[in-house]
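Residue strings, one per chain:
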Amino acid sequence: MKLLEVEIEENVKIANEIFLLSFESEYLAENFKPGNFVNILIDKDSIYPLLRRPFSISFVEGKRVYIGYKVVGKGTNLLSQKSKGEAIDVLGPLGNSFLTDIFDGKVAVIGGGVGIFPLVGLCKELKNRGNKVDVFLGFRDLDSMFLVERFKDICDNTLIATDDGSSGYKGNVVELFKANFSKAEYKVVFCCGPKPMLKAIKNLNLPVKCYASLEEKMACGIGACLCCSIRGKDEKMYHICSDGPVFDIMEVEIE
Amino acid sequence: MNLEVEIAGVRLKNPVIAASGTFGFGREYSKLIDISEFGAICTKGITLKKRIGNPQPRLCEVYAGIINSVGLENPGVEAFVNDELPFLKSFDTKIIANINGFAKEEFVELTKILTSLVDMIEVNLSCPNVKEGGMVFGKDPEKVYEITNSVKNVASCPIIVKLTPNVTDITQLAVAAEKAGADAISLINTISAMAIDIETRKPLIQMVTGGLSGPAIKPIAVRMVYECFKKVRIPIIGMGGIMNYKDAIEFFIAGATAIQIGTVNFINPKAVYEIKEGIEDYLDRKGFNSIRELVGNINI
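Keep in mind that what you see is a predicted model, and the values were worked out from it rather than measured. The numbering scheme is per chain: residues are counted from 1 as the chain's sequence reads. Whichever chain is written first becomes A and whichever ligand is written first becomes 1, with later ones labelled in order. Since the coordinates come from a predicted model, pLDDT governs what is reported: local features require at least 70, and pairs of side-chain atoms require 80 or more to be given and counted, while whole-chain, interface and lining totals use all residues. To obtain the side-chain values, all non-hydrogen atoms of the structure were included, while hydrogens and water were left out.

1. Remarks on the pattern of salt bridges
Residue and element names in this part refer to chain B. For clarity, the threshold we go by: Salt bridges are counted wherever a side-chain nitrogen of Lys or Arg sits within 4 Å of a carboxyl oxygen of Asp or Glu. Secondary structure elements follow DSSP: runs of H or I of four or more residues count as helices, runs of E of two or more count as strands, with numbering from the N terminus. The buried label goes to any residue with under 20% of its type's maximum accessible area, the exposed label to any with over 50%, and the partly exposed label to all in between, with areas taken from a 1.4 Å probe on protein chains only.
Counted by the stated rule, this structure contains 25 salt bridges over all chains. Of the charged contacts in the structure, one is a salt bridge between Asp183 and Lys152, with a shortest N-O distance of 2.9 Å. Of this pair, Asp183 sits in the loop between helix 5 (170-179) and strand 10 (184-187) while Lys152 sits in helix 4 (residues 141-154), placing them 31 residues apart in sequence. Residue Lys152 is classed as partly exposed on the basis of its relative accessible area of 24%. Lys218 is the salt-bridge partner of Glu250, the closest N and O atoms lying 2.6 Å from each other. Placement of Glu250 in helix 7 (residues 245-254) and of Lys218 in helix 6 (residues 218-231) is noted, with a sequence separation of 32 residues between them. Through salt bridges that share partners, Glu4, Glu6 and Arg11 make up one connected network.

See the structure below:
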């Protein structure tokens, strides 16, 4: 990991409240592994927001690094107003990464909301390694859908669920995945999304390994402050920023 | 310019100390910066037994600050001595062990174990995020006296007592610590605080309240250092919302011999470099020959 000052190349709205930001960084592009995140200092002189904000790296193309985010508060709102050429202070790459071996059979990737972002890089890497990849994407409605075409280009099958049924399956993405799981015989499952979604996946008690990328409020992003701890089996504490963000879903408590 | 300062006979090559709870055991930050840049590193709070800490969420951000309730998650003193201390000792910086107990006997036991292994011990009588010990002891001058005295009786290294700001008059705690033989005091720990999500009407911290740190608390911390400086003769280590060299200078003028930086490490891991450079430039610019000349040198 390094502290880097980068210049924004592009910061565009790609769906309702959803933005895709990119910048060039040879170091990050070379060292990126799917699942990694960066800690961005949005404004150096600001005392509100004060802390850096963690964002997963969505994917990398050449030297260009793509970060996706949803405007939810002051920090992301300020970030959304930045334009090409503005400098941002980036700390990364941080955290562990998804396992991207060659699996003998199909792989399922499930994403919900902004949790979909890191799955682009994951799916690309899984495909590069010769895996067959089905991706299940859950959105609120048609207006909040993003990067679907990109997934269609990468994956063998792209299945969509929307809460209001405006596109694809009407209902949540876990139900859609569950309906497909038994017939597809997936060898491994990867997921990222809101806690209720991850909890529902965990409760499926899948007969195969399932890895989830988690998030929690964090201050340092490198394992020093212990704010983003998560309880594992046998009272073991893990830290989402440094032991994660990717965990075997059965090894951690998702509350 | 020589930035060296001395606390109870321990010479720090500069007055910038990494604050407890914000710097782990140095390992994480050593991948980003040269942690030997610090005059000293104050470790994550250590208890006798391993602690898993408080439930999530442990952190929220408020105007000009953050509220945390980590709850002293730490691997326990044995793991600290075996796994963390050898690593920390490989750097050219002093080591201050921050210790926490839930009874006087635990502070004494921890001091016995650590006194010959570290340069100084910071007795944390001020953690706001545990139900027993911590701030509960630290609010009562008699308890501060009793624990400090007991720890001093078994200590061969200097003892710093870390005070809580969550009292009407912090100077009573400072005086009690000095009377009991403390070699120095450090202040302030975080301020008890709370934030609520108005949509869900739920507190943003699982434990309901937590400790506020960051720029929001700096004026309070400066005032408390100033008040304590007038009441005690032992060195004061000042902290609370220091984000840059100017903030640090305020603490020296108010009466601090050294400073600790905490929250800023999360935001700017290179703050130690910038703060040291800024202090040096300031002393040069103002014609001071040492930090000692600046300590408590206030124009009123």
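2. A few points about the UniProt feature "domain: FAD-binding FR-type" (unreviewed entry) in chain A
We count it as follows: UniProt positions are given in the numbering used here, feature names are shortened, and annotations may be inferred rather than shown by experiment.
Those residues carrying the UniProt feature "domain: FAD-binding FR-type" (unreviewed entry) are residues 1-100 of chain A in this numbering. Within the segment residues 1-100 of chain A, helix and strand shares are 13% and 50% respectively, and the terminal C-alpha atoms sit 21 Å apart.

3. Topic: the UniProt feature "binding site: FMN" (unreviewed entry) in chain B
Residue and element names in this part refer to chain B. What counts here: We define a polar contact as two N or O atoms separated by no more than 3.5 Å, with the added condition that, inside protein, one atom must be a possible hydrogen donor and the other a possible acceptor, whereas residues neighbouring each other in sequence contribute only through side-chain atom pairs.
Listed under "binding site: FMN" (unreviewed entry) in the UniProt record, and renumbered for this structure, are Ser20, Lys44, Gly45, Asn98, Asn124, Lys162, Ile188, Gly214, Gly240, Gly241, Gly262 and Thr263. Structurally, Asn98 is set in strand 7 (residues 94-99). According to the relative accessible area criterion, Asn98 is buried, its value standing at 0%. Checked against the element boundaries, Thr263 lands in helix 8 (residues 263-267). Exposure remark for Thr263: the relative accessible area of 8% places this residue in the buried category. In this structure the side chain of Thr263 is engaged in a polar contact, spanning 2.8 Å, whose partner is the side chain of Ser213.

4. Brief notes about the interface of chain A and chain B
Here is the rule: Note on definitions: a residue-residue contact is assigned when non-hydrogen atoms from the two residues lie within 4.5 Å. Buried area is a sum: the accessible area each of two parts loses on coming together, probed at 1.4 Å, counted once for each and added.
Between chain A and chain B, the contact holds 29 residues from the first and 31 residues from the second. Around 2600 Å² of area is buried between chain A and chain B when both sides are counted, 67% of it from carbon and sulfur atoms. The largest share of the area that chain A buries against chain B comes from Tyr48, Leu50 and Cys227 of chain A, three residues that together contribute 22% of it. Put simply, chain A and chain B have 1 salt bridge between them. Glu61 of chain B serves as the salt-bridge partner of Arg53 of chain A, at 2.9 Å between the closest nitrogen and oxygen. Elements that contribute at least two residues to the side of chain A that touches chain B include exactly strand 1 (2-15), strand 13 (229-231) and strand 14 (237-239) of chain A.

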